[in-house]
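# Commentary on secondary and tertiary structure
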Amino acid sequence: MSNATGKDSTVARHSVSVAGIVVREDGRVLAIRRADNGTWEPPGGVLELDEQPEEGAAREVLEETGIEVTVERLTGVYKNMTRGVVALVFRCRPVAGTERTSAESTAVEWLTPEEVEKWMSEVYSVRIFDALDISAPHVRAHDGRQWLEKA
């Protein structure tokens, strides 16, 4: 089956992930150190077929950190062009819970913006800074390591 561009549309599939940028009143942001690769990232994961994006973001935050959140708004859409993963990122507010690690995390911390910039790779830190920005949602593409310029 071909699409309008003439490419085979049965081959390419995308995965959708969600993440929550949880911001406390003091401006600190919730982050996890991933168990599988040791990197610092916002909590998030694959969106399940039967859930709304906002529900998925709240579920992932709770599962990975022990923090219950209220999802406030979409702050960005990010595509990993290499892996075909589209990430929907939401700004959230903590409402209950106590920080704890999970099978997916070895640490859970409330980071300052300076720590975010120092500890996270650019493809994750920019998602946090986009969530702190009050302008409209951002749309960006990357190759897994760095952002790609728009065509």
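What you are looking at is a predicted structure, and each value in this text was computed from that prediction instead of being measured. (Residues numbered from 1 in each chain as written. Predicted model: local features only at pLDDT ≥ 70, side-chain atom pairs only at ≥ 80, totals over all residues. Heavy atoms only, no water.)

## Digging into the environment of Arg34
Position of Arg34 relative to the elements: it lies in strand 2 (residues 29–34). Relative accessible area serves as the criterion here: at 25%, Arg34 is assigned to the partly exposed category. Measuring from C-alpha to C-alpha, the distance between Arg34 and Glu48 comes to 20 Å, with 14 residues separating the pair along the chain. Excluding residues within four positions of it along the chain, Arg34 makes contact with Thr39, Glu41, Glu104, Ser105 and Thr106. (Helix = DSSP H or I, 4+ residues; strand = E, 2+ residues; numbered from the N terminus. Buried < 20%, exposed > 50% of the residue type's maximum accessible area, 1.4 Å probe, protein only. Contact = heavy atoms within 4.5 Å.)

## Examining the confidence of the model for the protein chain
The predicted model of the protein chain averages 91 in pLDDT, with 90% of residues at 70 or higher. The spread of mean pLDDT over the elements of the protein chain runs between strand 8 (residues 138–142), the lowest at 88, and helix 1 (residues 53–65), the highest at 98. (pLDDT = per-residue confidence, 0-100.)

## Some details on the layout of surface pockets
What the largest pocket holds in volume is close to 690 Å³. Every residue lining the largest pocket is counted, 31 residues in all, and those nearest its centre are Ser17, Arg34, Glu41, Arg83 and Tyr124. No other element matches strand 1 (residues 15–22), which puts four residues into the lining of the largest pocket. Here the lining of the largest pocket is composed, by residue class, of twelve nonpolar, ten polar and nine charged. (1 Å grid on protein atoms, 1.4 Å probe; cavity = no way out; pocket = protein on both sides within 12 Å on 5 of 7 lines; lining within 4 Å. Points joined across faces, edges and corners; volume = space filled by probe spheres on them. Nonpolar A, V, L, I, M, F, W, Y, C, P; charged D, E, K, R; others polar.)

## Notes on helix 3 (residues 122–132)
By the burial criterion, the buried members of helix 3 are Val123, Ser125, Val126, Arg127, Ile128, Asp130 and Ala131. Elements that come into contact with the buried residues of helix 3 comprise strand 1, strand 2, strand 5 (67–80), strand 6 (85–97), helix 2 (113–119) and strand 8.

## Here's the deal with the sheet that holds strand 2
Strand order in this open sheet of three strands is 3-2-7, and the pairing throughout is antiparallel. The sheet is open, and its two borders are formed by strand 3 (40–41) and strand 7 (105–111), each paired with just one other strand. Examined bridge by bridge, strand 2 and strand 3 share two bridges and lie antiparallel to one another. Looking at the pairing, Ile32 lines up with Glu41 of strand 3. With respect to the sheet, helix 1 is in contact with strand 2 and strand 7, its orientation differing from that of strand 2 by roughly 60 degrees. (Pairing = 2+ DSSP bridges. Axes fitted to C-alpha atoms, helices over the stretch in contact; angles between N-to-C directions.)

## A short note on helix 1
End to end, helix 1 covers 18 Å across 13 residues, agreeing with the expected 18 Å (1.5 Å per residue, within 8%). Every buried residue of helix 1 is accounted for by Gly56, Ala57, Arg59, Glu60, Val61, Glu64 and Thr65. Downstream of helix 1 by one or two residues, Gly66 has phi in the positive range, about 85 degrees. (Expected span 1.5 Å × (residues − 1).)

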